[in-house]
Structures are given as C-alpha cells and as structure tokens.
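Reading the structure
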Amino acid sequence: MANFVLQVPNSLRSFTISASASSNGSPPLSSSGSSGGGGGPVILELPVDKIRRPLMRTRANDPVKVQELMDSISEIGLQVPIDVLEVDGVYYGFSGCHRYEAHQRLGLPTIRCKIRRGTKETLRHHLR
C-alpha cells in the first residue's frame, strides 16, 4: 500500500477523504505525484455537499440516464470520476451533472472526483 501526504485546507478537515483502492475495480492511487500544486489531477472521494455547482443548467438532466447511472453505481460503483476544480480550498464542479445527480438521489455522502487545482482566473474562465 502506498503512503502519501495530503494537504487539506483547515476549512475541510472536518470530513474524511478516502484515497484507497475501491472494491469496484478502479486502480489504486499512485504515490508518485507530489503533494501540493503542480502534481496534476488527484482522484479523491469528496463529500457531495462540498462541491459547488455554479452554472445554472439550461435543461434538466435526462431522467433515464440518471436512473441508469443510479442502477450502475448501486451495483458496481462510480466508474468515471467527475471533474472538479479546486480554487483556494473550494471545490467547483462543471461537468458530470448526471453522475452528480445520481449520487444525490442515491443519498451517497461522497463522490469520486478528479481534482485539479486552479487559480481565480481559471475559475473566471469556467464561469464565462
């Protein structure tokens, strides 16, 4: 099992982040990345309620697709993490709307995320 250091902002230290291999067949995290910035994206489980969804949807999610994802997630777990941007300790989700809704509707407390760090300028770019 690999050991690594995870630096988490004080505001987020009140929850547990799982970084071990899951039982659904996804590969374990690599310990070769650096801690802090510059190491590329990191895959972690984040609390669903800690991810901000700043863009208003112009249309509703496809309910059939959400139900199919709920069935799949219940059976084998989430296979593809959602992309999340971390800026100053705050997590923003701009994609993975169907997967995010499926987790919410299933009442799951966390969701697997591919997290990359960004600046406020990066965030402004996503909000355009």
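Quick look at the structure, then. Only a predicted model underlies this, so the values are computations on that prediction, with no experimental measurement involved.

1. A few points about the packing of helix H1 (residues 63-76) against helix H2 (residues 97-106)
Put simply, H1 and H2 touch, their axes get as near as 9 Å, and they point 65° apart. Seen from above, H1 lies across H2 with right-handed handedness. Contacts from Lys-65, Val-66, Gln-67, Leu-69, Met-70, Ile-73 and Ser-74 of H1 reach H2 at His-98, Arg-99, Glu-101, Ala-102, His-103, Arg-105 and Leu-106. Residue composition of the contact of H1 with H2, by class: six nonpolar, four polar and four charged.

2. Examining the environment of Asp-62
Relative to the assigned elements, Asp-62 resides in the loop between strand E2 (51-52) and H1. Sequence spacing of Asp-62 and His-98 is 36 residues, and the spatial spacing of their C-alpha atoms is 7.6 Å.

3. Quick word on H2
Among all positions of H2, only Cys-97, His-98, Arg-99, Tyr-100, Ala-102 and His-103 are buried. Tucked into the core, H2 has its buried residues touching E2, H1, strand E3 (82-87) and strand E5 (110-117).

4. Let's talk about the environment of Asp-88
Within the secondary structure, Asp-88 sits in the loop between E3 and strand E4 (90-93). Residue class for Asp-88 comes out exposed when judged on its relative accessible area of 59%. A sequence separation of 29 residues divides Asp-88 from Arg-117, and the C-alpha atoms of the two residues are 8.5 Å apart.

What counts, and at which threshold
- Note that residues are indexed from 1 along each chain, following the sequence as it is written.
- Totals for whole chains, interfaces and linings use all residues, but because this is a predicted model, local features are given only for residues with pLDDT of at least 70 and pairs of side-chain atoms are given and counted only at 80 or more.
- Derived side-chain values reflect all non-hydrogen atoms in the structure, with water molecules and hydrogen atoms excluded from consideration.
- Lines are fitted to the C-alpha atoms to define the axes, a helix being fitted only along its stretch in contact, and any angle between axes, read from their N-to-C directions, falls within 0 to 180 degrees.
- Helix and strand definitions follow DSSP, with helices as H or I runs of at least four residues and strands as E runs of at least two, each counted in order from the N terminus.
- We call a crossing left-handed when the near helix sits turned anticlockwise from the far one by less than a right angle, and right-handed when that turn is clockwise.
- Whether two residues are in contact is decided by their heavy atoms, any of which lying within 4.5 Å being enough.
- Residue type decides the class: Asp, Glu, Lys and Arg count as charged, Ala, Val, Leu, Ile, Met, Phe, Trp, Tyr, Cys and Pro as nonpolar, and the leftover types, Gly among them, as polar.
- Whether a residue is buried, partly exposed or exposed follows from its accessible area with a 1.4 Å probe, protein chains only, as a fraction of its type maximum: under 20%, in between, or over 50%, in that order.

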